[in-house]
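Summary of the model geometry
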Amino acid sequence: MTPPIAALQWVEIPITRTSATSSNAAAPTESASKLTFNMKNHAAIHHRGTIYVLGGNFQERMDVVLYHIPTRQWSRVLYSNERELDDMHANPNRAIMSGGGLGLGRGGTTRPRFRFSLNGGGSSASRRRRNHGTVRSASAEEESGSDGENRAGAGGRGGVGRERTKVTMVGPRPHFRNGHTATLVQKTGAVDGNMMERHYIYIIGGWLGDCAADQVLVLDITNPQVLEWVSLPECGNSPGPCNMHSAEYIPDRRQIFVFRGGDGTEYLNDLHALDVDTMQWQKVETHGLPPERRADHASAYMPSTKEFFVFGGWNGTARLNDFYILDTVTLTWTRPRLLQQGTMPPARAGMTMSAVRDRLYLFGGNGAEASMSNDLHVFDRSSMEWLDSDGTNLVLSTSQHSHVSLLSEDGGDTSDVGFQARNRTKSHSSTNNSIDKIATISIRGRQPSRRAGHTATVVGRFIYIIGGSSGSQYRNDCHVLDTDNLCLPPESESKTFQMMHLQLKDHFNREDLADVIFLVQGKRIYAHKLVLCLSSQVYRAMFLNDFKEKNDRLVEINVPNCSYDIFLLVLQYMYTGDIDLSLHEATVQGASESMERILAILELADHLLLDHLKERCERALLHAVNITSIEFLMQFAQQSNAKCLEAICCHFLRNNGCH
């Protein structure tokens, strides 16, 4: 049997809906066939089952589109107050306190209205950020994903679920923008003397049409039915205007790291940090050689290694494919370089890079001569390798990939400096006379079309690719990449059926013509040498090789340590190919008894080398794997060499927070 593998699986989600959400009951609605994004270089964030897609269009205001994962329903928050839109359009880059809702920039003189006071002490933050397309998770709660998210992501079915409560938007609406970033921040604040959690989306920078923005917009999404633009004034040394930059939330520091791209006039590579509790900016002083100036690059933060990754982009004259890592503890830059023949992913800009567990997923972008791509590259941090693919629908950089090691600024090897604590291990072994074999991944499904300027939103193990464009064509679609899809090999055919006549079942456990008698728990079971030889390699060896039973006309075989009922079921399968392996889950006792019965059948099938029956038992136990049974089933699978069952258990452990 081919061993099971964890594959990558692409699924498309249709962009359909029933009605638009609105901040005004009289606002127009849109039919399912007319819901389009027309968004590129936008931002997208996931929070508690909903993906918020922000900006990236040219409609004079910040558009907000919602995707509710459990119901698979899309909707757009429509703006109907033209006076507020005009105000925002006339003053896009300064504070507007109309209605006491929104504070833009740092120089506003009007005191904003607060409904509660923020308290940085003891607070926590979770976020999803967008690197002109890329969105990630930083909190354990968000990383695991809800049950509804897992179903929607794995099934990939889009469209309309049950009707949701309409969402309203309050406060002045910001001017349109693209090339901005968005970060989800969780804070604990005092409201009327009581501590409560609030959730915000921090939108940093962006292109306003004629200049880059230098402000932080804040959208309060604590109440999912009422989204409100609020003011949280900034202080300190602001990075200034920026667009096509990247932003990553660093949980241990409670800061958003902003690696600046362009400011509207030049390309930059400075690093700034925004304290999410005090709203104070500071420039981050780093060690080592930083990435060169660039914009439209991709970045990601990996919580397990506390590293900030930067890849590619555009430096004003050429697209890049260099790769940098910032240790956020020591604030030291290093650059992975290839030490053997092989290549990095081709140079590009406008792509996305997403961190899921200990891997980075690089997708799309525009490459040489502005050609669009839709290739997927996977970087494994634990082995420091770009992984090869066994799929034919997607092409990785080359058929040969090299190992990656870290080089210091002066070219010296720093592979073992500062990274031993980062679990830098090889996924394979090698000797002086062997060639290391690069791990492969399997990719299934139809990949998204060529694009750049899209978003990649991480929801648990799933990555949602939304929008973008290829030239003048907008990509009004959504695709989901399951980064850990359980891929069981095709079920093998039963050779028993092919070699035995259907009437053979009539001779099951009949004394006439029987030449084998099994003694099980003091009871007799009748069988035939021919049937046993055709069904089991064990009995074939017994009756055809030089065993004493070979020449006996009537053979009696004592079967110790086996239940009469279980042996009878397995023997019946050998005659008919049929067996009941259903789990009776109506009661706890019923489920336990049926699981024990299947395990006993599996154990006997393994002993008799009945591979097809063993495989069927392993698959039947899929729904018996839970928090209570996982330890026992994993141990049983390893003892019985049940590779399929072991893969099912490993998949459950990876996706249910078990260690």
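You'll find the structure just up there.
Heads up: these notes are all about the structure in this document.

The rules behind these values
- Residues numbered from 1 in each chain as written.
- Predicted model: local features only at pLDDT ≥ 70, side-chain atom pairs only at ≥ 80, totals over all residues.
- Heavy atoms only, no water.
- Helix = DSSP H or I, 4+ residues; strand = E, 2+ residues; numbered from the N terminus.
- Contact = heavy atoms within 4.5 Å.
- Pairing = 2+ DSSP bridges.
- Axes fitted to C-alpha atoms, helices over the stretch in contact; angles between N-to-C directions.
- 1 Å grid on protein atoms, 1.4 Å probe; cavity = no way out; pocket = protein on both sides within 12 Å on 5 of 7 lines; lining within 4 Å.
- Points joined across faces, edges and corners; volume = space filled by probe spheres on them.
- Nonpolar A, V, L, I, M, F, W, Y, C, P; charged D, E, K, R; others polar.
- Core = buried A, V, L, I, M, F, W, Y, C linked by side-chain atoms within 4.5 Å.
- Buried < 20%, exposed > 50% of the residue type's maximum accessible area, 1.4 Å probe, protein only.
- Polar contact = N/O pair within 3.5 Å; in protein donor to acceptor, adjacent residues only side chain to side chain.
- Salt bridge = Lys/Arg side-chain N within 4 Å of Asp/Glu carboxyl O.

**Quick look at unusual backbone geometry**
- Phi is positive for Met-244, which is not a glycine, with a value near 55 degrees.
- By the element assignment, Met-244 lies in the loop between strand S14 (235-236) and strand S15 (246-250).

**Quick look at the environment of Gly-55**
- By the secondary structure assignment, Gly-55 is in the loop between strand S4 (50-54) and strand S5 (64-68).
- For Gly-55, the contacting residues outside a window of four places in its chain are Met-39, His-42, Met-62, Asp-63, Arg-177 and His-180.

**Some thoughts on the sheet that holds strand S37 (residues 523-527)**
- An order of S37-S36-S38 is seen for the three strands of this open sheet, with the pairing classed as mixed. Strands at the two margins of the open sheet, each flanked by one partner only, are S37 and strand S38 (555-558). The mean inter-strand angle of the sheet, taken between neighbouring strand axes irrespective of direction, is 25 degrees.
- The pairing of strand S36 (residues 516-520) with S38 spans four bridges and is classified as parallel.

**Quick notes on the sheet that holds strand S16 (residues 255-259)**
- Sheet architecture is open: five strands sit in the order S14-S18-S17-S16-S15, paired in mixed fashion. Each of the sheet's edge strands pairs with one partner strand only, and the pair in question is S14 and S15.
- Inspection of the sheet shows S14 paired to strand S18 (residues 280-283) by two bridges, in the parallel sense. Within the sheet, the bridge partner assigned to Cys-235 lies in S18 and is Gln-280.

**Considerations on empty space enclosed by the protein**
- Taken as a whole and judged by the stated rule, the model has five cavities of 30 Å³ or more.
- Of the pockets and cavities examined, the second largest cavity occupies roughly 50 Å³.
- If you go around the second largest cavity, the residues you meet are Trp-10, Thr-352, Ser-354, Tyr-361, Phe-363, Leu-376, Ala-456, Ile-463, Ile-465 and Leu-481.
- Put simply, the parts of the chain that give the lining of the second largest cavity at least two residues each are strand S23 (352-356), strand S24 (359-366) and strand S32 (462-466).
- Classifying every residue of the lining of the second largest cavity gives eight nonpolar, two polar and no charged.

**Notes on the nonpolar core**
- Counting 54 residues, the largest nonpolar core has Phe-518, Leu-532, Tyr-539, Phe-543, Ile-557, Phe-567 and Leu-613 as its most contacted members.
- Residues contacting Leu-613, with those up to four places away along its chain left out, are Val-570, Tyr-573, Ile-579, Ile-601 and Ala-605.

**With respect to the environment of Pro-303**
- Examined against the element boundaries, Pro-303 turns out to sit in the loop between strand S19 (298-302) and strand S20 (307-314).
- Distance from Pro-303 to Tyr-249, taken between C-alpha atoms, is 9.9 Å for residues 54 residues apart in sequence.

**Examining the side chain of Asp-482**
- Tracing the backbone shows Asp-482 in strand S35 (residues 478-487).
- At 3.0 Å, the side chain of Asp-482 and the backbone nitrogen of Asp-484 are in polar contact.

**Let's talk about the pattern of salt bridges**
- Summed over all chains, the structure comprises 19 salt bridges.
- The salt bridge involving Glu-307 is made with Arg-381; its shortest N-O contact spans 2.8 Å. With a gap of 74 residues between them, Glu-307 in strand S20 and Arg-381 in the loop between strand S25 (372-380) and strand S26 (385-386) connect regions that are remote in the sequence. The exposure classification of Glu-307 matches that of Arg-381, with both residues buried.
- Here Arg-451 and Asp-477 are joined by a salt bridge, their closest N and O atoms 2.7 Å apart. Here the residue Arg-451 occupies a position in the loop between strand S30 (443-444) and strand S31 (455-459), and Asp-477 occupies one in the loop between strand S34 (473-474) and S35, the gap between them amounting to 26 residues.
- In this structure Arg-451 comes out as buried when scored by relative accessible area, which is 0%.

That's the geometry; what it means functionally is another story.
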